[in-house]
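So the chains spell out like this:
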Amino acid sequence: MTTGQESTVPGVPTVSPEQRQREDDLVHRVLASFDSCADQRLKYLMHALVRHLHAFLREVRLTEDEWSKAIEFLTAAGHITDDKRQEFILLSDTLGASMQTIAMSNEAYGDATEATVFGPFFVDDSPEVELGGDISFGASGEPCWVEGTVTDTAGEPLAGALVEVWEADAEGFYDVQYGDDRTACRAHFHTDNEGRYRFWGITPTPYPIPADGPVGTMLQAVGRSPMRAAHLHFMVTHPGHRTLVTHIFVRGDDFLDSDSVFGVKDSLVKDFQRQQPGAPTPDGRDLGQVRWSRARFDIILAPASS
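Computed from a predicted structure; not experimentally measured.

Colleague: Teacher, can you tell me more about the packing of aromatic side chains here?
Modeller: A ring pair, where both rings are aromatic, is described by two values, the distance of the centres and the angle of the planes. Tallying each qualifying case throughout the model produces 14 aromatic pairs. Their ring planes at 15° and their centres at 4.5 Å tell us that Phe121 and Tyr174 sit as a pair that is stacked. Of this pair, Phe121 sits in the loop between helix H5 (97–105) and strand S1 (143–152) while Tyr174 sits in the loop between strand S2 (162–166) and strand S3 (186–190), placing them 53 residues apart in sequence. Looking at Tyr174, the relative accessible area reads 0%, which means it is buried. Pairing Trp145 with Trp200 gives two aromatic rings, centres 5.3 Å apart and planes at 65°, and the pair type is edge-to-face. In this pair, Trp145 is assigned in strand S1 and Trp200 in strand S4 (residues 196–202), connecting sequence segments 55 residues apart.

Colleague: Looking at this structure, how should I read empty space enclosed by the protein?
Modeller: Where empty space is left in the structure can be found by rolling a water-sized probe over the atoms. A complete count under the given rule lists two cavities of 30 Å³ or more for this structure. The space that makes up the largest cavity amounts to roughly 90 Å³. Taken together, 16 residues make up the lining of the largest cavity; nearest its centre are Gly119, Pro120, Phe121, Tyr207 and Arg228. If you list the elements that add at least two residues to the lining of the largest cavity, you get helix H4 (87–94) and strand S7 (231–237). For the lining of the largest cavity, the class distribution of residues is eleven nonpolar, three polar and two charged.

Colleague: Would you mind going over the sheet that holds S7 with me for this structure?
Modeller: Strands in a sheet are paired, the pairing made by backbone hydrogen bonds, and the direction either parallel or antiparallel. Overall, mixed pairing links the five strands, which are arranged S3-S2-S7-S8-S9 in an open sheet. For this open sheet the edge positions go to S3 and strand S9 (269–270), each flanked by a neighbour on one side alone. Note that S7 and strand S8 (residues 244–250) share six bridges and pair antiparallel. Counterpart to Met235 in the pairing with S8 is Val245.

Colleague: Quick question: what am I supposed to make of the layout of surface pockets here?
Modeller: Computed from the structure, the largest pocket encloses a volume of approximately 350 Å³. Lining the largest pocket are Trp67, Lys69, Ala70, Ile71, Phe73, Leu74, Leu91, Ser92, Leu95 and Met218. Those elements that provide at least two residues to the lining of the largest pocket are helix H3 (64–80) and H4. The dominant element in the lining of the largest pocket, judged by the number of residues it contributes, is H3, at six residues.

Colleague: Looking at this structure, I do not really get the side chain of Glu164. What am I missing?
Modeller: Of note, Glu164 is situated in strand S2. Buried and without a salt bridge, Glu164 has Arg186 as its closest oppositely charged side chain, separated by 7.9 Å. For Glu164, the residues in contact, after removing those within four places along its chain, are Phe122, Ser126, Ala187, His188, His233, Phe234 and Met235.

Colleague: Could you clarify how one ought to interpret helix H6 (residues 214–221) in this entry?
Modeller: Given 3.6 residues per helical turn, the α-helix brings residues three or four places apart onto the same face. Residues of H6 that are buried include every one of Pro214, Val215, Gly216, Met218 and Leu219, and no others. The inward-facing, buried residues of H6 contact H3 and H4. Where H6 ends, the next residue or the one after it, Gly223, has phi of about 80°, a positive value.

Colleague: In this structure, what is going on with the packing of H4 against H6? I would like to understand it.
Modeller: Describing two packed helices takes the angle between their axes plus the distance from one axis to the other. At a minimum axis distance of 9 Å, the contact between H4 and H6 shows a crossing angle of 25°. Here H6 runs roughly parallel to H4, going by the angle between their axes. Of H6, the residues touching H4 (which contributes Glu87, Leu90, Leu91 and Thr94) are Pro214, Val215, Gly216, Met218 and Leu219. Class assignment for the residues of the contact of H4 with H6 results in six nonpolar, two polar and one charged.

Calculation rules
- Residues numbered from 1 in each chain as written.
- Predicted model: local features only at pLDDT ≥ 70, side-chain atom pairs only at ≥ 80, totals over all residues.
- Heavy atoms only, no water.
- Phe/Tyr/Trp six-rings, centres within 6.5 Å; stacked < 30°, edge-to-face > 60°.
- Helix = DSSP H or I, 4+ residues; strand = E, 2+ residues; numbered from the N terminus.
- Buried < 20%, exposed > 50% of the residue type's maximum accessible area, 1.4 Å probe, protein only.
- 1 Å grid on protein atoms, 1.4 Å probe; cavity = no way out; pocket = protein on both sides within 12 Å on 5 of 7 lines; lining within 4 Å.
- Points joined across faces, edges and corners; volume = space filled by probe spheres on them.
- Nonpolar A, V, L, I, M, F, W, Y, C, P; charged D, E, K, R; others polar.
- Pairing = 2+ DSSP bridges.
- Lys, Arg positive; Asp, Glu negative; His and termini not counted.
- Salt bridge = Lys/Arg side-chain N within 4 Å of Asp/Glu carboxyl O.
- Contact = heavy atoms within 4.5 Å.
- Axes fitted to C-alpha atoms, helices over the stretch in contact; angles between N-to-C directions.
- Parallel < 35°, antiparallel > 145°, perpendicular 65-115°, else oblique.

And the structure:
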């Protein structure tokens, strides 16, 4: 056989010029099949998808058995996905695709707060609480006071901004993972006339992403940890401003450098100051002899047109 470009990857065979031409011809035929697509953006996306997919298949010389395993993996991801669990979001997150899309869609604008992954556990219509209210609703965990402001990039306070927050409990689970229709560790509220917000939650702790499905199997096979750095989710919206989806992370957490979904950004790592039992609380709440923490997160929204 006449060989073409020599492969330097173990297990990847060399390919003859004749074979390479056959493969090129197939790519061109597939690309041409989209010629009648009236939606030019869709046509562009499909062309790019085909080119990159075929380039991957050809680079690694994927076998039929390996392709079958890939189909089985995606099928399993579909079967385990339901209205409370989204395995494809987990897959996107663990491959860094979510963070890459977020980075491209949220270009830097002044000192606007950075965005990070949405995650699979957001729920619409969370309970509304008053400023200073408790979002834990009895979930396990150390009490944590969180406060801050929401402003625009000029420093002007944004009154009435909608702030939605959600987090895992001390056991590492979100309410929707329990399967008993409980609502805990999630709520929404609005900033006051000076753009301020405040609430009681629980001190974030590290937890593993759901690892009992195909994504967990993938992480185990490649030697990666499913652990997420301790964090608290925020989504903040205000008319005329870019919607912000972000977290704050706990400074000193063991998993800041190995977060399984690549969501950590230095600007989002905050001090959660531990308070001794009996220390006065900001709102006079009596916590008895319970340790608690406090954190501050000032949020800056970019304009919607950015």
